[in-house]
There are 2 protein chains.
Amino acid sequence: MSKKQLLLKAAEAKVRTGGYNNFSFRELADEIGIKSSSVHYHFPTKADLGAELARQYTDNFLTNLGAPEALIAEGKKPIEVYLQQFQCALTEDKKMCLCGLLGAETDALPEKVKAQTQRFFEQNINWLTQAYQQVDGISEQAANGQAIATLSLLEGAMLVSKAMNDTAIFATASAGLLIKR
Amino acid sequence: MSKKQLLLKAAEAKVRTGGYNNFSFRELADEIGIKSSSVHYHFPTKADLGAELARQYTDNFLTNLGAPEALIAEGKKPIEVYLQQFQCALTEDKKMCLCGLLGAETDALPEKVKAQTQRFFEQNINWLTQAYQQVDGISEQAANGQAIATLSLLEGAMLVSKAMNDTAIFATASAGLLIKR
DNA sequence: ACCTATGTATCTACTGATAGATAATGTGAA
DNA sequence: TTCACATTATCTATCAGTAGATACATAGGT
């Protein structure tokens, strides 16, 4: 794994714990054994690092999911798979969603980072809209509403679980998604 | 309004915009026209200020709501009132819920602040549990599940609305709460 | 020679925090 | 009433630590 990827990995852990202001170039450098000035070689500014972090997080998140059609073709329920991806992020990493945290503090972020964070939500709403259209056979508009509600519920469930320091809360909050209809 | 309250008011705006690390004693002091050292007179440490901020926010939030029984007695629907309190926080202040943001970054907070943040969620879940018990006549356990789901949905709806910079998203995400049952 | 990746050294700005002075106000006793 | 002291709220000045960023040098591979 390249130093650049190691830097992003270290940054992800810090941002998902305490937000964009919760990491510094010095901390990241120390953690992977280089100097802070060398971090500037890979990422000219902190905003560049933050934007790349959100970009990769979004891409990995969607790649791991796969397309809704593909999941259906495999006999899987897309919303169930989607829910589990959120649950894993919470229970395995014991951390908030990166873009959930960044989204909450969006008005304090550099423009680049804000744009990449917004992209995460756009792509996730698109994914869920497609999933609901295909599973429930509803209109795009209705599916879009469902998508926004589902995304909101899951981001909120992570947030409340973290705040209460109780992962069982996520399961309780999201239980309704599975028995619906 | 006392200088102490003015400091808390200025801090609230900053924290609700960018989290606990998004304010400094100097900024607050400049904003209300005193010196940073004077802020330490009112709040010995930053953690003390943060804890008091979360404490007052929680108390004001619940006071403004009123007890669920009292709302029912006035012919109001508690869940509707609760939803509107969240919506106002988002549309009037154009900011995230203070404790929503603090809850998301809970693992990076001083112990004092974390404890007060957790208290916000406990109290809100209690309030909603009582509301659901009284409105729907369901068991405490079932009502508690509903409470957690509702709180999660609303915190998430605020978060996604902020991230997408579109307050209409909050309405879309929370629409399901009103037509339920 | 060039490119990639790192290091040394340093800059300015800001952080939370502290010590100690000052002024205004309040309070209790002679 | 007046003097002595205490309390409240602010100030000036300063500290050590950390922030992001830069200029420039260096080492190793092509």
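Conventions used here
- Residues numbered from 1 in each chain as written.
- Chains lettered and ligands numbered in written order.
- Predicted model: local features only at pLDDT ≥ 70, side-chain atom pairs only at ≥ 80, totals over all residues.
- Heavy atoms only, no water.
- Least-squares fit on C-alpha atoms with pLDDT ≥ 70 in both.
- Contact = heavy atoms within 4.5 Å.
- Near = heavy atom within 4 Å.
- Polar contact = N/O pair within 3.5 Å; in protein donor to acceptor, adjacent residues only side chain to side chain.
- Helix = DSSP H or I, 4+ residues; strand = E, 2+ residues; numbered from the N terminus.
- Disulfide = S-S within 2.5 Å.
- Buried < 20%, exposed > 50% of the residue type's maximum accessible area, 1.4 Å probe, protein only.
- Nonpolar A, V, L, I, M, F, W, Y, C, P; charged D, E, K, R; others polar.
- Buried area = accessible area lost by both parts, 1.4 Å probe.
- Salt bridge = Lys/Arg side-chain N within 4 Å of Asp/Glu carboxyl O.

Chain A carries the name Transcriptional regulator of TetR family protein in an unreviewed UniProt entry, which gives Paraglaciecola mesophila KMM 241 as its organism.

J.: Please give an account of the relation of the copies chain B and chain A that cites residues and values.
T.: With an RMSD of 0.0 Å, the operation that places chain B on chain A is a rotation of 180 degrees combined with a shift of 0.0 Å along the axis. The transformation just described matches what one would write down for a two-fold rotation axis. The overlap is high: 97% of the interface residues of chain B also sit at the interface in chain A, so the same surface is used on both sides.

J.: Requested: an account of the protein's contact with DNA strand C, with residues and values cited.
T.: What surrounds DNA strand C is a group of 16 residues, the closest being A:K35, A:S37, A:Y41, A:H42 and B:S24. Considering the 4 Å shell around the protein, atoms of DNA strand C inside it are sugar or phosphate in 54% of instances. Between a phosphate oxygen of DNA strand C and a main-chain N or O atom of A:K35, the distance comes to 2.6 Å. B:S24 has a polar side-chain atom sitting 2.9 Å from a phosphate oxygen of DNA strand C. Within the residue set of the surface near DNA strand C, elements represented by two or more residues are α3 (36-42) of chain A together with α2 (25-32) and α3 (36-42) of chain B. Per element, the largest residue contribution to the surface near DNA strand C is four residues, and it comes from α3(A).

J.: Tell me what's going on with the state of the cysteines, and back it up with residues and numbers.
T.: Residue and element names in this part refer to chain B. What the rule picks out here adds up to zero disulfides over all chains. Cysteine C88 is unpaired, with the sulfur of C97 as its nearest cysteine sulfur at 13 Å. Among the residues examined, C88 registers a relative accessible area of 33% and is labelled partly exposed. Take C97: it sits in no disulfide, and the sulfur closest to it among the cysteines is that of C99, at 5.5 Å.

J.: Could you give an account of the protein's contact with DNA strand D, with specific residues and numbers?
T.: Around DNA strand D, the surrounding shell holds 17 residues, and the nearest of these are B:K35, B:S37, B:S38, B:Y41 and B:H42. A share of 50% is what sugar and phosphate atoms reach among the atoms of DNA strand D within 4 Å of the protein. B:S37 is positioned with one of its side-chain polar atoms (N or O) 2.8 Å from a base oxygen of DNA strand D. A distance of 3.0 Å separates a phosphate oxygen of DNA strand D from a polar side-chain atom of B:Y41. Elements supplying a minimum of two residues to the surface near DNA strand D: α2 (25-32) and α3 of chain A together with α3 of chain B. Looking at the surface near DNA strand D element by element, the count peaks at four residues for α3(B). Tallied by class, residues from the surface near DNA strand D come to four nonpolar, eight polar and five charged.

J.: Summarise the interface of chain B and chain A; cite the residues concerned and give the values.
T.: Listed per partner, the contact involves 35 residues of chain B and 34 residues of chain A. Carbon and sulfur atoms make up 70% of the surface buried where chain B meets chain A, a total of about 3000 Å² over both sides. Close ionic contact of A:D107 with B:K162 constitutes a salt bridge, the shortest N to O distance being 2.6 Å. Secondary-structure elements contributing two or more residues to the side of chain B that touches chain A are α1 (3-18), α7 (98-104), α8 (111-136), α9 (140-164) and α10 (168-179) of chain B. Broken down by element, the side of chain B that touches chain A gets its largest block of residues, 14 residues, from α9(B). Residue composition of the side of chain B that touches chain A, grouped by class: 17 nonpolar, 12 polar and six charged.

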